[in-house]
Amino acid sequence: MSGDWNEGYFTDVGYTYGYYREINPVFQRFCLLLRGYAAPEGGTANHCEMGFGQGVSVNIHAAANPGHFVATDFNPSHAAHANKLAAAAGTDARLYDDSFEQLLNRTDLPQFDSISLHGIWTWVSLENHKNIAEFARCHLKPGGVFYNSYNCFPGWSPAYPLRQLFALHDRFASVPNGASERVDAALKFSEALLAANPNYSKAVPQLGEKLKSIMGQNRNYLAHEYLNREWNCMYFTDVVDALTHAKLDYVTTAVPLDAVDAVNIAAEGLDFLNTIDHPILREQARDYFVNQQFRKDLYVRGAVRLTPIEQRERLLNTRFALTQPAESVPLKVAGAAGEATLQEAVYKPLIAALAVKDYAPKTLPANGGCTRYAIPCHATSFGRPGRDGKYGTMPA
Ligand SMILES: C[S@@+](CC[C@H](N)C(=O)[O-])C[C@H]1O[C@@H](n2cnc3c(N)ncnc32)[C@H](O)[C@@H]1O
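As the structure is a computational prediction, the values presented were derived from the model and not from experiment. (Residues numbered from 1 in each chain as written. Predicted model: local features only at pLDDT ≥ 70, side-chain atom pairs only at ≥ 80, totals over all residues. Heavy atoms only, no water.)

Q: Would you explain the overall build of the protein chain in this entry?
A: Check the secondary structure of the protein chain and you find 15 helices and nine strands. Here the C-alpha radius of gyration of the protein chain, 22 Å, is about what a compact globule of 396 residues would show, namely 21 Å. By its C-alpha atoms, the protein chain is 65 × 55 × 40 Å across when sized along the principal axes. Expressed as a percentage of its 396 residues, the buried residues of the protein chain come to 47%. Carbon and sulfur atoms provide 54% of the accessible area of the protein chain, an area that totals close to 19,400 Å². (Helix = DSSP H or I, 4+ residues; strand = E, 2+ residues; numbered from the N terminus. Rg over C-alpha atoms; globule rule 2.2 N^0.38 Å. Buried < 20%, exposed > 50% of the residue type's maximum accessible area, 1.4 Å probe, protein only. Areas by Shrake-Rupley, 256 points an atom, 1.4 Å probe, with all protein chains shown as cover.)

Q: Just checking my understanding: could you explain the packing of aromatic side chains for this structure?
A: Think of a pair of aromatic rings as described by two things: how far the centres are apart, and how the planes are tilted against each other in angle. Scanning all chains against the criterion turns up 13 aromatic pairs. Geometrically, the ring pair formed by W5 and F74 is edge-to-face, given 5.1 Å between the ring centres and 85° between the ring planes. With a gap of 69 residues between them, W5 in the segment before α1 (25-34) and F74 in the loop between β2 (68-72) and α3 (76-89) connect regions that are remote in the sequence. When its relative accessible area of 17% is taken as the criterion, F74 is described as buried. Taking the centre distance of 5.7 Å and the plane angle of 75° together, the rings of Y250 and Y299 count as edge-to-face. With a gap of 49 residues between them, Y250 in strand β6 (residues 249-253) and Y299 in strand β7 (residues 294-300) connect regions that are remote in the sequence. (Phe/Tyr/Trp six-rings, centres within 6.5 Å; stacked < 30°, edge-to-face > 60°.)

Q: For this particular structure, what's the right way to read the layout of surface pockets?
A: A water-sized probe, rolled over the atoms, reveals where empty space remains. In this model, the second largest pocket occupies a volume close to 840 Å³. Looking at the lining of the second largest pocket, the elements that each hand over two or more residues are α2 (56-64), α9 (207-215) and α10 (219-226). Among the elements that line the lining of the second largest pocket, the one with the most residues is α10, at four residues. In this structure, the lining of the second largest pocket is formed jointly by two domains, domain 1 (4-154 + 233-300) and domain 2 (160-226), each of which donates at least three residues. (1 Å grid on protein atoms, 1.4 Å probe; cavity = no way out; pocket = protein on both sides within 12 Å on 5 of 7 lines; lining within 4 Å. Points joined across faces, edges and corners; volume = space filled by probe spheres on them. Domains from an automatic or database assignment.)

Q: Got a minute to help me understand the site of the ligand in this structure?
A: Around the ligand there are 20 residues in total, and Y9, G51, D73, H78 and H118 lie nearest to it. In the environment of the ligand, an oxygen atom lies 3.0 Å from a nitrogen or oxygen atom belonging to the side chain of H78. Contact distances for the ligand include 2.8 Å between a nitrogen atom and a backbone N or O atom of H118. In the complex, the protein chains occlude 97% of the 590 Å² of accessible area that the ligand would expose alone. Under a 2 Å grid-point criterion requiring more than half of the atoms, the pocket assigned to the ligand is the second largest pocket. Here the residues of the shell around the ligand sort into eight nonpolar, eight polar and four charged. (Near = heavy atom within 4 Å. Polar contact = N/O pair within 3.5 Å; in protein donor to acceptor, adjacent residues only side chain to side chain. Sits in = over half its atoms within 2 Å of the grid points. Nonpolar A, V, L, I, M, F, W, Y, C, P; charged D, E, K, R; others polar.)

Q: Sorry, what's going on with the sheet that holds strand β5 (residues 140-151) here?
A: Pairing between the strands of a sheet is mediated by backbone hydrogen bonds and can be parallel or antiparallel. The seven strands lie next to each other as β3-β2-β1-β4-β5-β7-β6, forming an open sheet whose pairing is mixed. Only two strands of the sheet have a single neighbouring strand rather than two, namely β3 (94-96) and β6. Strand-to-strand twist of the sheet, defined as the mean angle between neighbouring strand axes without regard to direction, takes the value 15°. In the sheet, strand β1 (residues 46-50) pairs with strand β4 (residues 112-117) via three bridges, with the strands oriented parallel. Bridging across to β4, E49 finds its partner in S116. Against the sheet, helix α5 (residues 126-139) makes contact with β1, β4 and β5, and its axis sits at roughly 160° relative to β5, the strand it touches most. (Pairing = 2+ DSSP bridges. Axes fitted to C-alpha atoms, helices over the stretch in contact; angles between N-to-C directions. Contact = heavy atoms within 4.5 Å.)

So, in structure tokens, the structure goes:
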């Protein structure tokens, strides 16, 4: 199933059924708050998702959050599935099968508090990058949030030529079969090429391992990831430049653990990064230290810094809910610099406090916020490692 509506995007099979919390306006607000930035709040907010795939995320957000949701994905099978979910949930989500260009040309859209794209940017044309930026310029409120995720350099640089091989095999030597067979044929071709010992794989010895891990992945996912006509892997700074026209300021990532330098970058690297004043150059340089290959970025149209007191108040009033059984919460976290063990004495009581009263949402203060079930105040941040090298304390 395809046609000229698909702009070279792979549409022979539908996409996978994933949920992505980074698109959730509440989660986005929390990530901004962690870094001391304000984000829009309120029950009448409007949110937009561009390229929703099967629509799992947008439907969960529309069913579980206040406000109104508009979204599009130009694949009509995806839109039909997403609308079926919306009807079953009884929400007022408006889910279209418009292309990004068509969405931009609509005259019936509100101004949005957030516009989000997950797994889109790399796989669409430079023309669509302009459509997306123009959509944000026309439809994102001042103070609104823009979320974008994409494959990036330098992490992708050694394996970029592998993707090129898959795509070229599919273009010039494709088997006239289904998506899964086409993916398999492209993988086999690349495996055989590497087995013949080209100088390239001598220069990049980990390529064989990378190919092996790709071979174990879901074929529909791989078809969407690698068989598109477009594959625009970029540096962080290239994306910043592409969004400047929409007045978007880069603020932080949608990965809370990125705020904890100690699990991501060794002291030597941090010392170097701390010599860089410009936030964009620092963030780009940080990608070299963590060898970033996929970024999840949050921008704001006119970022407003909270005062430390405002930030503290808002953090204290944030409601937290444990979303998995207390006994299954791992006491380890993994960052780019390796794994860290959380201090049991701090985290066990925190997890136990979150689990009481049937896992009801809780705030930090004992007598404030939305509930009186307080969680211990000393257990809210990873902080710096203690003398034993473990994490889990908050600076007093
Ligand atoms: C890699 S999938 C990601 C889907 C979803 N965001 C997720 O992460 O599950 C990319 C999606 O973008 C849609 N898409 C690609 N180009 C588009 C365009 N020009 N206009 C609208 N949708 C597009 C595709 O149909 C596909 O569902």
